[in-house]
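What follows is the residue order along each chain.
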Amino acid sequence: MSSYLAQEVHLARRHEEILSQRSELLQQMETYLGDKKTKKTWQTQAADAAHKRNAALLNDIEAAEKKLQERVYLLPHPDTVKLETLYWASIKESLPKWEQFLLGRAEVPIGFKEKKTTKQDISYPGEDSQK
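Note that the structure is a prediction, hence the values are computed from the model and not measured.

A. Main features of the overall build of the chain. Looking only at helices and strands, the chain has two helices and zero strands in total. Among the 131 residues that make up the chain, the fraction classed as buried is 1%. Accessible surface, the chain: about 13,300 Å² in total, of which carbon and sulfur atoms supply 58%.

Written out as structure tokens, the structure is:
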């Protein structure tokens, strides 16, 4: 009979250990599920914030694209750009001839005459058809 008593005590202790482990595992599982729920909530919030940020960026890109498309129409005509380039090239070419004059150290370069502008010398677009 003592062996049954010893076996019963052993089984009771084992039962207490199992219940203790079960309680510990249940607590760990609750903690894990709580952490998982918190993480999922955080991920959902992060995804929402990223979605809003992406939508704002997309709107900014579309607005910039629209501005660039409008700006294309504002670019000067290629002929105008060509004339401007030729103008600045001629300025660079004639600058050495005029440099001393512009600094006040010499007379007007040879080949250039001073011309006084009068009202009669100035022509306005469309005046030719009126004369």
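There's more to say after this.
B. Highlighting the packing of aromatic side chains. The final tally for this structure, using the stated rule, is two aromatic pairs. Both rings, one in Tyr87 and one in Trp88, keep their centres 5.1 Å apart while their planes meet at 75°; by these two values the pair is edge-to-face. Centre to centre, the rings of Trp98 and Phe101 are 5.4 Å apart; their planes meet at 75°, and the pair counts as edge-to-face. Residue Trp98 and its partner Phe101 are both found in helix α2 (residues 78-102); the two are separated by three residues, about one turn of the helix. The partly exposed category is assigned to Phe101, whose relative accessible area is 31%.

C. Looking closely at the pattern of salt bridges. Per the stated rule, a full pass over the model turns up one salt bridge. With a shortest N-O distance of 3.3 Å, Glu17 and Arg14 are connected by a salt bridge. Placement of the pair is Glu17 and Arg14 together in helix α1 (residues 2-72), with a separation of three residues, close to one helical turn.

D. Local environment of a nonpolar patch on the surface. A surface patch of nonpolar side chains, about 400 Å² in accessible area, is lined by Leu26, Met29, Tyr32 and Leu33. You can see Leu26 is positioned in helix α1.

Parameters and conventions
In every chain, residue numbers begin from 1 and rise along the written sequence. Note on the predicted model: pLDDT of at least 70 is required for a residue's local features to be given, and 80 or more for side-chain atom pairs to be given and counted; whole-chain, interface and lining totals, by contrast, use all residues. Hydrogen atoms and water are omitted, and side-chain values are computed over all heavy atoms in the structure. Helix and strand definitions here come from DSSP, where helices need a minimum of 4 consecutive H or I residues and strands a minimum of 2 consecutive E residues; each element is numbered from the N-terminal end. To sort residues, take the accessible area from a 1.4 Å probe on protein chains only and compare it with the maximum for the residue type: under 20% means buried, over 50% means exposed, and anything in between is partly exposed. In these tables, accessible area is a Shrake-Rupley quantity obtained with a 1.4 Å probe, and a residue counts as shielded only by the protein chains included in the view. Note on aromatic contacts: the rings of Phe and Tyr and the six-membered ring of Trp form a pair at centre separations within 6.5 Å, being stacked when their planes are under 30 degrees apart, edge-to-face when over 60 apart, and tilted otherwise. Salt bridge, as used here: a side-chain nitrogen of Lys or Arg that lies within 4 Å of a carboxyl oxygen of Asp or Glu. By definition, no residue in a patch forms a salt bridge, and every one has over 30% relative accessible area; like charges are joined within 9 Å, nonpolar side chains (Val, Leu, Ile, Met, Phe, Trp, Tyr) within 5 Å.

Shape descriptors only; they carry no functional weight alone.
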